[in-house]
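A closer look at the structure
So you can see what is in the structure, the chains are spelled out below.
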Amino acid sequence: SPSQPNQPPTHEGNIDDLVRARVEREMAIVQQRRVAFEQRSADAVRREAEDLVRRTKIQPKTPLDADCVAAQEAVVECYRKNPTRTLDCWREVEQMKDTARKAQKAFVEAN
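Residues numbered from 1 in each chain as written. Predicted model: local features only at pLDDT ≥ 70, side-chain atom pairs only at ≥ 80, totals over all residues. Heavy atoms only, no water.

Before going further, it helps to spend a moment on the overall build of the protein. The helix and strand tally for the protein stands at three helices and zero strands. Ordered by position from the N terminus, the helices and strands of the protein form the series α-α-α. With 111 residues in all, the protein has 5% of them scored as buried. Accessible area for the protein stands at about 10,300 Å²; split by element, carbon and sulfur atoms hold 56% of it. (Helix = DSSP H or I, 4+ residues; strand = E, 2+ residues; numbered from the N terminus. Buried < 20%, exposed > 50% of the residue type's maximum accessible area, 1.4 Å probe, protein only. Areas by Shrake-Rupley, 256 points an atom, 1.4 Å probe, with all protein chains shown as cover.)

Right, dumping it as structure tokens:
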């Protein structure tokens, strides 16, 4: 007796099941790979963050020159007082640069 046109033969149903199973396996593999990649990425970010924190905690071996700190604070203060006219702070900037050069020279001579 001929097969009815509305019902697919049973072997096509088996093929659909096989395809569905294969797709599910492939999706599971892709999911596992993505999770592994995300975990590695999270670990790398965590290590980089810990390294940055560790580096920021390192204190300079020599104390900062008080004159340099004062000159830097003067520049910052000038910028705060003149947020729209930062070029008005040129004197403070030049003083800071001069102080930094003197401190650098003293450091080189001492070491």
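Now for the state of the cysteines. Within the structure shown, the criterion is met by one disulfide. The side chain of Cys78 participates in a disulfide bridge whose partner is Cys89; the two sulfur atoms lie 2.1 Å from each other. The disulfide joining Cys78 to Cys89 has a torsion of about -95° about its S-S bond and is therefore left-handed. Highlighted residues: Cys78 in helix α2 (residues 66-81) and Cys89 in the loop between α2 and α3 (90-110), separated in sequence by 11 residues. Judged by its relative accessible area of 8%, Cys78 is buried. A relative accessible area of 0% means that Cys89 is categorised as buried. (Disulfide = S-S within 2.5 Å.)

Our focus in this paragraph is the side chain of Thr99. Inspection of the secondary structure assignment puts Thr99 in helix α3. Take Thr99: its relative accessible area is 9%, and that puts it in the buried class. For Thr99, the contacting residues outside a window of four places in its chain are Asp65, Asp67, Cys68 and Ala71. (Contact = heavy atoms within 4.5 Å.)

Purely geometric numbers; function is a separate question.
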